[in-house]
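# Examination of the molecular architecture
What follows is the residue order along each chain.
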Amino acid sequence: MGSSNEQDLLSTEIVNRGIEPCGPNAGSPTFSVRVRRRLPDFLQSVNLKYVKLGYHYLINHAVYLATIPVLVLVFGAEVGSLSREEIWKKLWDYDIATVIGFFGVFVLTVCVYFMSRPRSVYLIDFACYKPSDELKVTREEFIDLARKSGKFDEETLGFKKRILQASGIGDETYVPRSISSSENITTMKEGREEASTVIFGALDELFEKTRVKPKDVGVLVVNCSIFNPTPSLSAMVINHYKMRGNILSYNLGGMGCSAGIIALDLARDMLQSNPNSYAVVVSTEMVGYNWYVGRDKSMVIPNCFFRMGCSAVMLSNRRRDFRHAKYRLEHIVRTHKAADDRSFRSVYQEEDEQGFKGLKISRDLMEVGGEALKTNITTLGPLVLPFSEQVLFFAALLRRTFSPAAKTITSSTTAKTNGAKSSSSSDLSKPYIPDYKLAFEHFCFHAASKTVLDELQKNLGLSEENMEASRMTLQRFGNTSSSGIWYELAYLEAKERVRRGDRVWQIAFGSGFKCNSVVWKAMRKVKKPARNNPWVDCISR
């Protein structure tokens, strides 16, 4: 069964490599067989404990709402059994002190409830940095820049070219020109220059759009996975904008492409304990500082996908911001799989045999990512899905767990039965996968690669329109790490698709291995994209 499950996660493809230019087989056509891992089939494995975790979150937040209707029903039934004369008689039987005391307790209870309830967190606006056109490269120019540096042999360059052709990345992405340098570019100087360019570019735009002064910001969270200098990037921001001395600042490092949602979670927690405050979340990654110059193919892959980008988000917990906020934060669900050794080492920074530092991508990455994704969306389901979908899903899960037919199909695959019985048993063994299109109007999946997006679409049963923002972001801007999900939301706004009441699902995954989800609800319709929206000049295409 173990080998069978392993084979099910593999797909093969025959690739025509063209005519052999030299050697004993010169002039002959050559072919290669490409073997890929797929995401695990969600239909075959949904763990009950993650469903329970989702319902645990739901119950914790809904206990008050469930109690109030019960009390109303009990009180209504009691009062309904009395006549008008009996009600007045009972009221006159109580002295004024008892009535005032009862009313005081009621008011106190209501006040405590509203004061202890979590404050709503609003997204005022966000900005995505768009680099200058001089940093724009086509796929061919990208290979030429790498060749010009003199650090890669032709075999490695050929591998990069094949990766780019199947990556889903287009011809208008941005990279620092320093990657063509023959000198060492993974220096603190290069890292700081790139960081200041993208971070200040995004923040200048954010402060202009929101009209919030930097000194009014009470919480600052900056996340950048690999480039973590001293003083920190958050200190660099405070110094540049001369922010106030009592600002709560945090710098998150080493947390991969899902760190943007982790930073949002941290900012939300800070806003809960600091009323009437603004919080700014900056998400980015440095391409030049992470540039790998060795020949290990598993470490060359990140070079091909990662591109320049940065996002800045303005959050607020002030009630008066309700009217002009774009979105309200609904849910954040985080999943961490680092307890598993394969997950922990699936994306791993280390030196190769030549001593060059880079990110090593494991062959288990797709399988590990699929397990983390499955856990995350299973936990999220009870918080966002309509009740009808939850009933169907939970009933199918119980049927699969306790049905003798389901156990038979799981444990005794060696026994051959007739076709009809086998088909019905197979149906029983598959849990019902909820339709997440009923829970969300818009989807922003981390644009890691074309293969990842293909598997997400297949396993979640999504349409091309659902995946459009993610695919277009990958093509236009590449994988911009933790800031990518904001370029996708900017795409939806540029298309004027976001309407009041729409729900947006952003999901990202990164090293560790982590998978994190955030759900927003649109507070108003985005009628016209801002003039500095990164898609304005190309959205018609």
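Note that the coordinates shown come from a computational prediction; the quantities given were computed from them, not determined experimentally.

### A look at the overall build of the protein
- When helices and strands are tallied, the protein shows 18 helices and 15 strands.
- Long-range pairs, those at least 24 residues apart, make up 79% of the contacts in the protein between residues at least 6 apart in sequence.
- Surface exposure of the protein reaches about 27400 Å², of which carbon and sulfur atoms provide 56%.

### Describing the environment of leucine 266
- Topologically, leucine 266 is positioned in helix H9 (residues 259-273).
- Exposure remark for leucine 266: the relative accessible area of 21% places this residue in the partly exposed category.
- As for leucine 266 and valine 281, which are separated by 15 residues in sequence, their C-alpha atoms are 9.4 Å apart.
- In contact with leucine 266, other than residues within four places in its own chain, are Val221, Tyr250 and Leu252.

### A word on the packing of helix H7 (residues 188-210) against helix H8 (residues 233-241)
- It is at 11 Å that the axes of H7 and H8 come closest, and there the two elements cross at 55°. If you check the angle between H7 and H8, you find them oblique. Seen from above, H7 lies across H8 with right-handed handedness. Facing H7, whose interface residues are Ala195, Ser196, Ile199, Phe200, Leu203, Asp204 and Phe207, H8 presents Leu233, Met236, Val237, His240 and Tyr241.
- Here the contact of H7 with H8 is built from residues that sort into nine nonpolar, two polar and one charged.

### Regarding the packing of helix H6 (residues 154-165) against helix H10 (residues 297-305)
- Orientation of H6 relative to H10, taken along the N-to-C sense of each, is 50°, at an axis distance of 10 Å. Taken together, H6 and H10 sit at an angle that is classed as oblique. In this structure, H6 crosses over H10, and the sense of that crossing is right-handed. Residues Glu155, Thr156, Phe159, Lys160, Arg162, Ile163 and Leu164 of H6 lie in contact with H10, whose contacting residues are Lys297, Val300, Ile301, Asn303, Cys304 and Phe305.
- Its residues assigned to classes, the contact of H6 with H10 shows seven nonpolar, two polar and four charged.

### Digging into the packing of aromatic side chains
- Counted according to the given criterion, the structure contains 19 aromatic pairs.
- Taking the centre distance of 6.1 Å and the plane angle of 90° together, the rings of phenylalanine 152 and tryptophan 291 count as edge-to-face. Here the residue phenylalanine 152 occupies a position in the loop between helix H5 (139-148) and H6, and tryptophan 291 occupies one in the loop between strand E8 (278-284) and H10, the gap between them amounting to 139 residues. Here the two residues phenylalanine 152 and tryptophan 291 agree in accessibility, since each one is buried.
- Of the aromatic side chains, those joined through ring pairs into one cluster are Tyr174, Phe477, Tyr487, Tyr491 and Trp535.
- Of note, arginine 345 hangs over the ring of tyrosine 348, and the distance from its end group to the ring centre comes to 4.0 Å.

### With respect to unusual backbone geometry
- Omega for the bond connecting threonine 230 with proline 231 falls within 30 degrees of zero, at -5°, which places this linkage in the cis form.
- When you line up the elements, proline 231 lands in the loop between strand E6 (217-224) and H8.
- Backbone geometry places serine 481, a non-glycine residue, at a positive phi of 65°.
- Position of serine 481 relative to the elements: it lies in the loop between helix H17 (464-477) and helix H18 (484-494).
- At glutamate 496, a position not held by glycine, the phi torsion is positive, near 55°.
- Along the chain, glutamate 496 falls in the loop between H18 and strand E14 (503-510).
- Taking relative accessible area as the criterion, glutamate 496 reaches 37% and is therefore assigned partly exposed.

### Considering the nonpolar core
- Ile199, Leu203, Leu315, Tyr327, Trp486 and Trp520 are the most contacted members of the largest nonpolar core, which has 82 residues in total.
- Ignoring any residue separated from it by four or fewer positions in sequence, one finds isoleucine 199 in contact with Leu233, Met236, Val237, Val282, Thr284 and Cys310.
- Listed in part, the 51 residues of the second largest apolar core include Ala146, Val300, Phe445 and Ile507.

### Examining helix H12 (residues 365-384)
- End to end, H12 covers 28 Å across 20 residues, agreeing with the expected 28 Å (1.5 Å per residue, within 8%).
- The element H12 is extensively covered by neighbouring structure, given that 18 of its 20 residues are classed as buried.

### What about the pairing of strand E9 (residues 310-316)?
- Counting buried positions over the seven residues of E9 gives seven, a clear majority of the element.
- Neither face of E9 is exposed, since Cys310, Ala312, Met314 and Ser316 on one face and Ser311, Val313 and Leu315 on the opposite face are all buried.
- Relative to E9, strand E3 (residues 122-128) runs antiparallel, the two sharing six bridges. Considered in E9, the bridge of phenylalanine 126 is made with valine 313.
- Summarising the sheet, E8 and E9 pair through seven bridges and their orientation is antiparallel. Considered in E9, the bridge of valine 281 is made with valine 313.

### Quick word on the sheet that holds E6
- In space, the nine strands of this open sheet follow the order E7-E6-E8-E9-E3-E10-E15-E14-E13, with mixed pairing throughout. Here the strands that pair on one side only, and so sit at the sheet edges, are strand E7 (248-252) and strand E13 (442-445). In this sheet, adjacent strand axes meet at a mean angle of 20° when their direction is disregarded.
- Both E6 and E7 contribute to a ladder of five bridges, which runs parallel. Within E7, the position partnered with valine 219 by the bridge is leucine 248.
- Its contacts with the sheet place H8 against E6 and E7, and it is angled at close to 135° to E6.

### Overview of the side chain of serine 311
- By the secondary structure assignment, serine 311 is in strand E9.
- By relative accessible area, which is 0% here, serine 311 ends up buried.
- Contacts of serine 311, omitting those with residues within four sequence positions, involve Ala127, Cys128, Ala202, Val281, Val282, Ser283, Ser483 and Trp486.

### A word on the pattern of salt bridges
- Overall, the coordinates contain 28 salt bridges when judged by the stated rule.
- Between lysine 209 and aspartate 125 there is a salt bridge whose closest N-O contact spans 3.6 Å. Separated by 84 residues along the polypeptide, lysine 209 in helix H7 and aspartate 125 in strand E3 bring together distant segments of the chain.
- Ionic pairing is found between glutamate 140 and lysine 161, a salt bridge with its closest N-O pair at 3.6 Å. With glutamate 140 in helix H5 and lysine 161 in helix H6, this residue pair connects regions lying 21 residues apart in the sequence.
- By relative accessible area, which is 34% here, lysine 161 ends up partly exposed.
- Look at the salt bridges and you will find they share partners, linking Asp125, Lys209, Lys326 and Glu493 into a network.

Parameters and conventions
Residues numbered from 1 in each chain as written. Predicted model: local features only at pLDDT ≥ 70, side-chain atom pairs only at ≥ 80, totals over all residues. Heavy atoms only, no water. Helix = DSSP H or I, 4+ residues; strand = E, 2+ residues; numbered from the N terminus. Contact = heavy atoms within 4.5 Å. Areas by Shrake-Rupley, 256 points an atom, 1.4 Å probe, with all protein chains shown as cover. Buried < 20%, exposed > 50% of the residue type's maximum accessible area, 1.4 Å probe, protein only. Axes fitted to C-alpha atoms, helices over the stretch in contact; angles between N-to-C directions. Parallel < 35°, antiparallel > 145°, perpendicular 65-115°, else oblique. Left-handed = near helix turned anticlockwise from the far one by under 90°. Nonpolar A, V, L, I, M, F, W, Y, C, P; charged D, E, K, R; others polar. Phe/Tyr/Trp six-rings, centres within 6.5 Å; stacked < 30°, edge-to-face > 60°. Lys NZ or Arg CZ within 6 Å of the ring centre and 35° of its normal. Core = buried A, V, L, I, M, F, W, Y, C linked by side-chain atoms within 4.5 Å. Expected span 1.5 Å × (residues − 1). Pairing = 2+ DSSP bridges. Salt bridge = Lys/Arg side-chain N within 4 Å of Asp/Glu carboxyl O.

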